[in-house]
Structures are given as C-alpha cells and as structure tokens.
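Chain and residue survey
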Amino acid sequence: MRLTIAAVGRAKAGPERTLYEHYAARITFPLSLREVEEKKPLKRRQLMRREGELLLSVVPGGARLVALDERGQAVTSTELAGRLRDWRDDGVREVVFAIGSADGLDDIVRRKADLTLAFGHATWPHMLVRGLLAEQLYRAQCILSDHPYHRDG
C-alpha cells in the first residue's frame, strides 16, 4: 500500500521539515510528499477552495482520503494502525492524507474524505502536522509489525 501526504505549501528548511524527514525516512511503506500551492492572490474563501481542488487533484481513483482537520475524529495510534491494516488487507492501493494551509481545509476535501482525523482538540501549525503525521505513520507501521517502538500503556 502506498501512502501519500498531500500538503498545501512548500516546506522550508527548519525544525518542522527536519522532524518530517526524520520519521519519513523510517517508514517502509512507499511514501511520498506532494506539496501543492496556489500562486494567484485570491480572497481567503477562494484560496481555500482552490487549495482544496489542488489537494484533491493528487488523489488517484480508488485511493482512500484522510483529511487532517481539528474538527475530525481523534483516534489512538492503535486505531489508526488498525484502519491502515484493514485498508491494506482490503486491497486498497493508496491512502492520501490531506493537510491544508494555515486556514485549514475547505469543505470540499472534508466531504470527500473517507476519514477526517484530528490530532486532539488543539490547533497545530500546518507545517508541524507533517511531522506529527509521519511519526504516527511510523508508529502504525511499528504496531503492525510488533516492533517495540510503540508500547501500550
């Protein structure tokens, strides 16, 4: 199963990108980062809609779409691993995780998502979410392979 992180904006060198790269390098699932960006100066709602369209443009047919949004469902690491396992075992070829800009995700993305996921009730910087997601994907991989990185309480 292939994993894609579709994210609005280009990550610059810095601690957020370093965190993402640290965990992405450990993931054995095929993983790609697709960064999208609208260059035209648009009003906030128009920009969010355009960013949503750009994010959806990288989702291939048959892929599962997971929207990262503070209004989403908070799941445990084990539950996320289970969802990935189920999709893998059902023959899903690709899962795309969509991360919006600082303004969040447009409704167009949330409506099409198979799962809307939140990392708790807090709002996180969108560039930091890439690293948090990569760590959770690595942790899910470890859970699925019984690697000791993840320890149940």
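Residues numbered from 1 in each chain as written. Predicted model: local features only at pLDDT ≥ 70, side-chain atom pairs only at ≥ 80, totals over all residues. Heavy atoms only, no water.

Turning our attention to the sheet that holds strand 5 (residues 115–118). Read from one edge to the other, the open sheet built from five strands follows the order 2-1-4-3-5, with strand pairing classed as parallel. Only two strands of the sheet have a single partner each, and these edge strands are strand 2 (31–36) and strand 5. Taking the axes of each pair of neighbouring strands and ignoring which way they run, one obtains an average angle of 30° across the sheet. Alignment of strand 1 (residues 2–8) against strand 2, held across six bridges, turns out to be parallel. Directly across from Thr-4, in strand 2, lies its bridge partner Ser-32. Relative to strand 1, helix 2 (residues 44–56) is tilted by about 160°, and along the sheet it contacts strand 1, strand 2, strand 3 (64–74) and strand 4 (94–99). (Pairing = 2+ DSSP bridges. Helix = DSSP H or I, 4+ residues; strand = E, 2+ residues; numbered from the N terminus. Axes fitted to C-alpha atoms, helices over the stretch in contact; angles between N-to-C directions. Contact = heavy atoms within 4.5 Å.)

Glancing now at empty space enclosed by the protein. This structure, assessed with the given rule, holds one cavity of 30 Å³ or more. Approximately 30 Å³ is the volume attributed to the largest cavity. Taken together, Val-8, Met-48, Glu-51, Gly-52, Leu-55, Gly-100, Ser-101, Gly-104, Leu-105 and Asp-106 form the lining of the largest cavity. Among the elements that make up the lining of the largest cavity, the one with the highest residue count is helix 2 (four residues). (1 Å grid on protein atoms, 1.4 Å probe; cavity = no way out; pocket = protein on both sides within 12 Å on 5 of 7 lines; lining within 4 Å. Points joined across faces, edges and corners; volume = space filled by probe spheres on them.)

With six of its six residues buried, strand 4 lies for the most part within the structure. With six bridges connecting them, strand 1 and strand 4 associate as parallel partners. Bridging from a neighbouring strand, Ala-7 pairs with Ile-99 of strand 4. Direction of pairing for strand 3 relative to strand 4: parallel, over a ladder of five bridges. (Buried < 20%, exposed > 50% of the residue type's maximum accessible area, 1.4 Å probe, protein only.)

Right, let's get into the side chain of Gln-141. If you trace the backbone, Gln-141 turns up in helix 5 (residues 126–144). Classification of Gln-141 as buried rests on a relative accessible area of 12%.

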